[in-house]
Amino acid sequence: MRRGAIKRYLIFTKAGFQTLMAYRGRIFLWFVGALISAVLMSLLWRAIYSFSDEPTIGGYTYSQMLLYVIVSAVMFEVTVSDTMGAIVDDVRYGQIGMRLMKPISYRLQLCFTNIGNYLGRLLIFGVPFMTAGTLIAVYGFGLTGLTWYNILLFIPASFIAMMINEAYDFLFGQLAFRTHAMFGVNSMSMTISGFLSGRMIPLSVFPVWAQKVLNCTPFPFMMSMPVRLYLGVMSTNDVLISFAVAIAWLIAINIIGQLCYKTSVRKVVVFGG
Amino acid sequence: MLKELKLYPKYVSMSLRSGLSYKADSIIMMISFAITEVVSLATIYLIVGTVPAIGIWTFPTLAFLFGFTLVPKAIDHIFTDELWLLAYWAIRHGELDIFMTRPLNPLYQFVAQTFKWDGIGELVVGVVIMCIFGPQAGIAWTAGGVIALILCAVLGIFCFTGIKLLFASIAFWVKYAGIFLNTVYDISNYAKYPVRYMGKAFASIMFFVIPFGLFLYYPVECLVTGANIWWAVLWSAVAAVVLMTLALTVWRLGIRRYESAGN
Amino acid sequence: MIELINVEKYFKKPIRGKGVWGMFKTLFSRKHTLVKAVDGVSFTVGDGEAVGYIGANGAGKSTTIKMMSGILTPTRGEILIDGKRPYKSRERNAVLKTIGVVFGQKTQLWYDLPLTETYDLLRYIYDVPEADYKRRIGELTELLDMKPFMDAPVRTLSLGQRMRADLAAAMLHNPKTLFLDEPTIGLDVLVKRKLIEAINELKNQYHTTLILTTHAMSDIELLCDRVIVLDAGKILFDGSLEKVKHMFGDKRNVTIQTPAPIDVSAVVDKYEIENVSTDGDGLLTTFTIDAQKLKIDVLLDVLLKSYKVVDIKLSETGIEQVVEKIYADVKSDDDAAIEAEGGAQA
């Protein structure tokens, strides 16, 4: 891509950031809702730890589990993608035909808009909420093992997670060309990715066979891997391999998405948008 | 009230027939709700699997509790799904106007227009799970216990509806009522866990403030511990009456200050 | 009979803070600005009257209609429709049975079902006896020419068809009063004309009291015998259509597009032209005339002969122009009155 072209798409990133700013009140409330949910989940874990004979569950101490729950809740709100919603709206309001005719890539437009959205969510809400959660876990619950470089590495890891999540969203979002039941599709795809990526519960409490299967899918890189990185429970080797595999998955899902997209677009052309 | 009851079948039939053109969509919705619930059950299985039991709660007992919580939730979902629209959209965008010019309760007209049959997916999942795990849950089943549990489920429907209407009605005052409703509604998901072991503060909230614990968790707890479940029926009834009264009062206060849109 | 006695409707708009913290403060702060949408309006409409209720955007006309039709509760004052208040829960059902409402921007028809389904539902809601219902549906179908689309789902109807269908829905229970809030908005000229004619026939056939808001002066001319002009929530004028016509005349706008800006003085000097305005870098010139004083064909003839005309457009006078004129007249009358009073005192 030429530099001019990148510049053209960065306009969408800026627009994504600005849209986010316009809706910051509402998004703030979603973050608060996610945090309340995380607090309730941590209460549940506390009950479970109190009945456990072991000091750790799935390899996590209680203070680690507490931070896992908080970081995954905040990260979910940070990396959530608007791509599916955008496609659904474009189809519903008949804008899709016009969008496809423009001399810019619809795919890249969605992607770059979402990057702006992610940056806004991370900077305005993610950082303060994560900082607060981390301080509570460290000073209130005696959490150890966090390092500054792991925390810094979390940023690129969450960026890749967001990009995978967005590509996954683009893949499922194309169903908007075929069905009106996108609310159902959305909730289904969120439930599946939420469960398999370790958002609801850490993957280490899954049976070993399931963990092996999941490690061959992109799901852990959407949530589990960045959160574990943040908690400092991954070896350096693991971190390096994970980054490489995550990027490979990002490319792979985008290729699949692009192939599906070609048939989807044909459908739009046939029906005239 | 009589007119509303007499008209309801008409509304249901209209809603069903207008949904016919979107039949495939409804089926997708149904499957998606069912999958969501199965995943929730798997989550419970994995969490409980990390310890032998959480006090009195083993996996079959929790699964039975989970199935029970789905029943009132699903039935409320089938009848009053439109309340979500009220919270997120309708009040702020003046969509009640048309209903308010007709000589019939506007809330009834608004809610009755959608009969969400795809909620049956959740209901079936709930009942099936109860049937599978009921015998393994370590409950001494009696006819009285079954009747009481059914009563609790029925009262639970009204509790759900009351909570939804209450938080949807704050849209008359508050801009983001939908998100508040969403947050509160999500708390109901935690009533399928051992509420009593999750801290005194949380248990008190779940019993006395947002009483999901009272009408979802408590009846099953009574069955499991062998306590008198009729107390749960009584408390569910109290919760239903209080919540519905509160919700309808807030709705009435709100409708008086309804601003329509774009005066 | 409809009576409005000193009706006021105020809306409180919270003063919103900026940023997340500001939003937080808004939640708990009681600071707000007061918008006086309707500010002390009184009038009486007798049975069978047809009233045009007009004003610029935001003048408060929709708010008034919404108070009369049970949607909004007045902040102060009373609205009595045959002695009953539509915003009181005990009285509302009795009032609502005697009125019909049509909103140009909203429909009460069931989106995915044929018209007949909505009508059938309305029959039960309004307790219309079956014989009456059948007769009325027949009459309305005929009058509004709805047969071709009676069984099509509402979502497939054109805007004009939908408005006619909505009109029929509002007339099913034979209401004594019909409120029409911008029924012609978005319709093209022919469809609009047809709709207005249909409303006129309905009015004559059923002797329905009519209260209408609109942006097109022609709607008022065809339908109403009385006009109430609202400005900033207050009544500016209340009188017969004849009087408005007398004050305002029969105004027409002719806009011509020319390749270069033109000198209009020759035409303006020779003919009776009320106003000339230019737009689009001087290439668009609008002549406003009183059709009683200068025939429109004469003006067109003159313009085509005098200038090189690329394009031409005739437009009706909008309500805004009427309101502006009435506003100016009323104000100058007031000033004159004040001056006279001052003179007398001196």
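Residues numbered from 1 in each chain as written. Chains lettered and ligands numbered in written order. Predicted model: local features only at pLDDT ≥ 70, side-chain atom pairs only at ≥ 80, totals over all residues. Heavy atoms only, no water.

Observations concerning the overall build of chain A
The helix and strand tally for chain A stands at 11 helices and zero strands. Starting at the N terminus and ending at the C terminus, chain A contains elements arranged as α-α-α-α-α-α-α-α-α-α-α. Each of the three principal axes of chain A carries a C-alpha extent, and together these read 65 × 40 × 35 Å. Out of the 273 residues belonging to chain A, those deemed buried represent 52%. Considering only intrachain contacts with a sequence separation of at least 6, the fraction spanning at least 24 residues in chain A is 78%. When the accessible surface of chain A is summed, it comes to about 12,700 Å², and 68% of that surface belongs to carbon and sulfur atoms. (Helix = DSSP H or I, 4+ residues; strand = E, 2+ residues; numbered from the N terminus. Buried < 20%, exposed > 50% of the residue type's maximum accessible area, 1.4 Å probe, protein only. Contact = heavy atoms within 4.5 Å. Areas by Shrake-Rupley, 256 points an atom, 1.4 Å probe, with all protein chains shown as cover.)

Here we look at the side chain of A:D90
Residues and elements named next belong to chain A. Position of D90 among the secondary structure elements: in helix α4 (residues 83-92). Under the relative-accessibility criterion, D90 is labelled buried at 7%. Aside from chain neighbours lying at most four places away, what touches D90 is Q95, I96, R99 and Y106.

Some thoughts on the environment of B:A63
Residues and elements named next belong to chain B. Along the polypeptide, A63 turns up in helix α3 (residues 59-80). Between the C-alpha atom of A63 and that of I31, which follows or precedes it by 32 residues, the distance is 20 Å. Leave out the neighbours within four places in its chain, and A63 touches L41, I129 and F133.

Digging into empty space enclosed by the protein
This model, assessed by the stated rule, comprises two cavities of 30 Å³ or more. For the largest cavity, the calculated volume is near 50 Å³. In terms of lining, the largest cavity is formed by B:I98, B:T101, B:R102, C:I99, C:G100, C:V101, C:Q108, C:Y126 and C:H173. A total of three residues in the lining of the largest cavity trace back to one element, the largest contributor, which is strand β5 (residues 99-103) of chain C. The residue inventory of the lining of the largest cavity, partitioned by class, reads four nonpolar, four polar and one charged. Of the pockets and cavities examined, the second largest cavity occupies roughly 40 Å³. Around the second largest cavity sit C:M1, C:I2, C:V45, C:G46, C:D47, C:I81, C:D82, C:K176, C:T177 and C:T209, which together line it. (1 Å grid on protein atoms, 1.4 Å probe; cavity = no way out; pocket = protein on both sides within 12 Å on 5 of 7 lines; lining within 4 Å. Points joined across faces, edges and corners; volume = space filled by probe spheres on them. Nonpolar A, V, L, I, M, F, W, Y, C, P; charged D, E, K, R; others polar.)

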